Amino acid sequence: MKARTAGRHFRDSLKSISRNGWMTFASVSAVTVTLLLVGVFVMIMMNLNKVADDLEKDVEIKVIVELTADEAAITKLEEDIKNTPGIAEVAYSPKEDELNKLVLDFGEDLRLFEQQNPLHNVFYAKAENPQETAAVAKKVDNLDNTFEVKYGEGKIEKLFSFLNTSRNIGLVLILALLFTAMFLISNTIRITIVARRRDIEIMKLVGATNWFIRIPFILEGMWLGILGAIIPITLITILYYNIYNVLGPKLAQGKLFELLNFSPFIYQVDALILLMGVLIGVWGSFMSVRKFLRV
Amino acid sequence: MIEMVNVYKKYPNGIVAANGIDVEIKQGEFVYVVGPSGAGKSTFIKMMYREERPTSGDILINGVNLATLKNSKVPYLRRQIGVVFQDFKLLPRLNVYENVAFALEVIEETPKVIRKKVMDVLELVGLKHKARMFPTELSGGEQQRVSIARSIVNTPKLVIADEPTGNLDPDTSWEIMNIFEEINSRGTTIIMATHNREIVNTLRHRVIAVEGGLITRDVYGGDYGYES
């Protein structure tokens, strides 16, 4: 395409935006509402996801070592655990440390046991993929000198299935929202195109190619998407700024969970909103103009 | 230039608008297409600029077969054909100059060439002084002249007109016919569907009568032929 034509398309699309004032307003409003919903949703989903990831990361495999194992056997076991496929990291906690933990939790009385420590030495291991903890734990259990392997059996399966379900529900909801938005926008743009059917018909009769006719409409859809993204981006950025600064510290205090950092996260969400606006607009125009090109 | 071989057209609703048409039209001819309404006249015309595709048979224009022409190639066919309609089909928000220039803009001509060609053609149809006016400010005859100017600005070898005088009073119709005569005298083929008996009987040219999807008469210098 020649530069002159590109310029013409560019001007045409802008002209059309201002000429179809009310239709532009309607389309932009539809985009705005949808993107706002999607944006808020993504914001919540991503943070819930972060919580889920944090919870997952806390899942440990506790490998209790046989009392009979000597130092060499313990070192060998550590190597064996490290070499088990799917293990990310291993930490050793001798029985003295284990007792100290109990003392911290249950009181000084337990110091009595320092003379004759009844506890086992322990390894704490983490799976590369937390969802595979159970399988990895089983492999570790088969190694020599393991007395018992614990990984919160039963509980973590429930946790994981709960987290997976909520992730899927969130994804489905976002997709449904996006679909609705595209439908709304392609319909609104269709109305502006119907008003210009005659233009399209004449363009076709004088020998304009389909792309020549399509491009101004697609550009127009893009502008609608960009215009529709302005308010959601502004609102969501301000909203998250406040949540992060006001609510964030309180949540972190309770050790419940930490919010995603403001800086890269919210700009990523903003970029996503803009991208979705543009895609929705372009796709909507493309679908609507298609019907009118069969002259 | 144009050759139709055994052209058959059946619409999805079952109507057969062309039932085996064979015809040849040479470069530079002036052809009237006459016939009662609903006889297949419009379909005959529309198939020539590929608004309709024949169900079977071949339509050759300068060696290109329209029956098998890909949709993506249609724009390039249309650039070689000027089309004029009964209802003018002008863009109301563009002025006369812009309406004519439009046909050149969509084929990406340079502004310099566009200006020259548009002014030349407006001169030919006698509307140079009204170049800045909008279609709504013009009479029907003037609007039709703009539409003719647009159809020929790209110097096509073939101009197809579908009842170009259908909406015009007799005097204005004669003005329009003079322009077509002028274009034809420069070597452009003209194919015109019309119901205007007086014009056909006065400006004698080849007459093709279409009835029931068939060519029932094809006479050089013939008359309109239907009783009023």
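Residues numbered from 1 in each chain as written. Chains lettered and ligands numbered in written order. Predicted model: local features only at pLDDT ≥ 70, side-chain atom pairs only at ≥ 80, totals over all residues.

**Describing the packing of helix α3 (residues 96-105) of chain B against helix α5 (residues 140-152) of chain B**
In a packed pair of helices, the relevant descriptors are the angle between the two axes and the axis-to-axis distance. All names here are of chain B. Relative to each other, α3 and α5 sit at 30 degrees, their axes nearing to 8 Å. As the angle between them shows, α3 and α5 are arranged roughly parallel. The hand of the α3/α5 crossing is right-handed. The segment α3 lies against α5, with V96, N99, V100, F102 and A103 engaging V146, A149 and R150. In terms of residue class, the contact of α3 with α5 is made up of six nonpolar, one polar and one charged. (Axes fitted to C-alpha atoms, helices over the stretch in contact; angles between N-to-C directions. Helix = DSSP H or I, 4+ residues; strand = E, 2+ residues; numbered from the N terminus. Parallel < 35°, antiparallel > 145°, perpendicular 65-115°, else oblique. Left-handed = near helix turned anticlockwise from the far one by under 90°. Contact = placed C-beta atoms within 7 Å. Nonpolar A, V, L, I, M, F, W, Y, C, P; charged D, E, K, R; others polar.)

**Here's the deal with the nonpolar core**
If you look at the biggest cluster of nonpolar residues, it comprises 94 residues, and the most contacted ones within it are V33, V100, A149, I160, I190 and I191 of chain B. Here this core gets eleven residues from one element, more than from any other, and that element is helix α8 (residues 210-253) of chain A. In contact with V33 of chain B, other than residues within four places in its own chain, are K41, F44, I45, I191, M192, A193, I208 and V210 of chain B. Core analysis: the second largest hydrophobic core is formed by 15 residues, I61, V65, A127 and A137 of chain A among them. (Core = buried A, V, L, I, M, F, W, Y, C linked by C-beta atoms within 7 Å. Buried ≥ 20, exposed ≤ 12 C-beta atoms within 10 Å, placed from the backbone.)

**Here we look at the confidence of the model for chain B**
Scored by pLDDT, chain B has a mean of 92; 99% of the residues are at 70 or more. Across the predicted assembly, pTM comes out at 0.70 and ipTM at 0.83. (pLDDT = per-residue confidence, 0-100.)

**Regarding the sheet that holds strand β1 (residues 2-10) of chain B**
Residue and element names in this part refer to chain B. The sheet built from four strands is open, its strands ordered β2-β1-β4-β5 with antiparallel pairing. Two strands in the sheet have a free side with no partner beyond their single neighbour: β2 (16-25) and β5 (64-65). Direction of pairing for β1 relative to β2: antiparallel, over a ladder of seven bridges. Paired with E3 across the strands is E24, a residue of β2. (Pairing = 2+ DSSP bridges.)

**Description of the interface of chain B and chain A**
Listed per partner, the contact involves 14 residues of chain B and twelve residues of chain A. For the side of chain B that touches chain A, the secondary structure elements donating two or more residues are α2 (74-78) and α3 of chain B. Classifying every residue of the side of chain B that touches chain A by side-chain character gives eight nonpolar, no polar and six charged.

**Structural notes on the environment of R111 of chain A**
Mapped onto the elements of the fold, R111 of chain A is located in the loop between α4 (95-106) and β3 (122-127). Judged by the 12 C-beta atoms lying within 10 Å of it, R111 of chain A falls in the exposed class.

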